[in-house]
Amino acid sequence: RGWASPGHEFTRVANDASVRIILASPQTADDLCAPLDTAGRLSCRNGDRVVINAWRWVNGAPSYGKDIGAYRRYLINHEFGHALGLPHAACPGNGAPAPVMLQQTKTLDGCRANAWPGGVDRP
């Protein structure tokens, strides 16, 4: 249901990965995401790194309430979307499922939280 659904394929490799996921402390995330200002709370994709801010991983975001699992799915899908070359997206309409490339950590902008590329978040 992640990026494989629309046709992307990923292969785990022992060496020379084209993308690496790093779970980092807020300070390390700031350092690895520079020059992006993450203010100690945001994650990013920078070069071959998907940097997940450990504070955000543990605490989630208001748009997902207490559903940390759904937020984590969103966070990984969103940052990997950047690794695939995708930009941020806008909410298509009030009450619509949010595109995974909407910055849902910051706002839903009238959309409903959605952790999955191209679909509605469901259990």
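Fair warning: this is a prediction, and the values are worked out from it, not measured in the lab.

### A closer look at the state of the cysteines
One pass over the structure, following the stated rule, counts 2 disulfides. Between the sulfur atoms of Cys33 and its disulfide partner Cys44 the distance amounts to 2.0 Å. Taking the torsion about the sulfur-sulfur bond, which here is approximately -95°, the covalent link between Cys33 and Cys44 counts as left-handed. One end of the pair, Cys33, is in helix H1 (residues 26-33); the other, Cys44, is in strand E2 (residues 44-46), with 11 residues separating them in the sequence. Considered together, Cys33 and Cys44 belong to a single accessibility category, that of buried residues. One disulfide in the model links Cys91 with Cys111; its S-S distance is 2.0 Å. Where Cys91 bonds to Cys111 through sulfur, the torsion about that S-S bond is close to 100°, and the disulfide is right-handed. Of this pair, Cys91 sits in the segment after helix H3 (68-83) while Cys111 sits in the segment after H3, placing them 20 residues apart in sequence.

### Some thoughts on the nonpolar core
Of all hydrophobic cores here, the largest spans 13 residues; its most connected members are Tyr64, Tyr71, Tyr74, Leu75 and Ala115. Every element with two or more residues in this core is listed here: strand E3 (49-53) and H3. Take this core: its biggest share by element is 5 residues, from H3. By size, the runner-up hydrophobic cluster in this structure holds 6 residues, among which are Cys91, Ala96, Leu102 and Cys111.

### As for the sheet that holds E3
What the 3 strands build is an open sheet, ordered E1-E3-E2; its pairing is mixed. Of all strands in the sheet, those with a lone pairing partner are strand E1 (20-24) and E2, marking the two edges. The average angle at which neighbouring strand axes cross in this sheet is 25°, direction not considered. Sheet topology places E2 next to E3; 3 bridges connect them, and they run antiparallel. Residue Asn46 lies in a different strand from E3, and its bridge partner there is Arg49. Sheet strands in contact with H1 are E1, E2 and E3, and its direction is about 150° off that of E3. Along the sheet, H3 contacts E1, E2 and E3; its crossing angle with E3, the most-contacted strand, is approximately 155°.

### Some thoughts on the packing of aromatic side chains
Across all of its chains, the model carries 3 aromatic pairs by this definition. Both rings, one in Tyr64 and one in Tyr71, keep their centres 5.6 Å apart while their planes meet at 65°; by these two values the pair is edge-to-face. Neither residue differs from the other here; Tyr64 and Tyr71 are each classed as buried. With a centroid separation of 5.7 Å and an interplanar angle of 45°, the aromatic rings of Tyr71 and Tyr74 are classed as tilted. Taken together, the residues span about one helical turn, with Tyr71 and Tyr74 both in helix H3 at a distance of 3 residues. What makes Tyr74 buried here is its relative accessible area of 1%. Taken together, the ring pairs in this structure connect Tyr64, Tyr71 and Tyr74 into an aromatic cluster. Above the ring of Trp55, the side-chain terminus of Arg41 is found at 3.9 Å from the ring centroid.

Here is what the cut-offs are and how they apply
Residues numbered from 1 in each chain as written. Predicted model: local features only at pLDDT ≥ 70, side-chain atom pairs only at ≥ 80, totals over all residues. Heavy atoms only, no water. Disulfide = S-S within 2.5 Å. Helix = DSSP H or I, 4+ residues; strand = E, 2+ residues; numbered from the N terminus. Buried < 20%, exposed > 50% of the residue type's maximum accessible area, 1.4 Å probe, protein only. Core = buried A, V, L, I, M, F, W, Y, C linked by side-chain atoms within 4.5 Å. Pairing = 2+ DSSP bridges. Axes fitted to C-alpha atoms, helices over the stretch in contact; angles between N-to-C directions. Contact = heavy atoms within 4.5 Å. Phe/Tyr/Trp six-rings, centres within 6.5 Å; stacked < 30°, edge-to-face > 60°. Lys NZ or Arg CZ within 6 Å of the ring centre and 35° of its normal.

These figures come from the coordinates and say nothing about function on their own.
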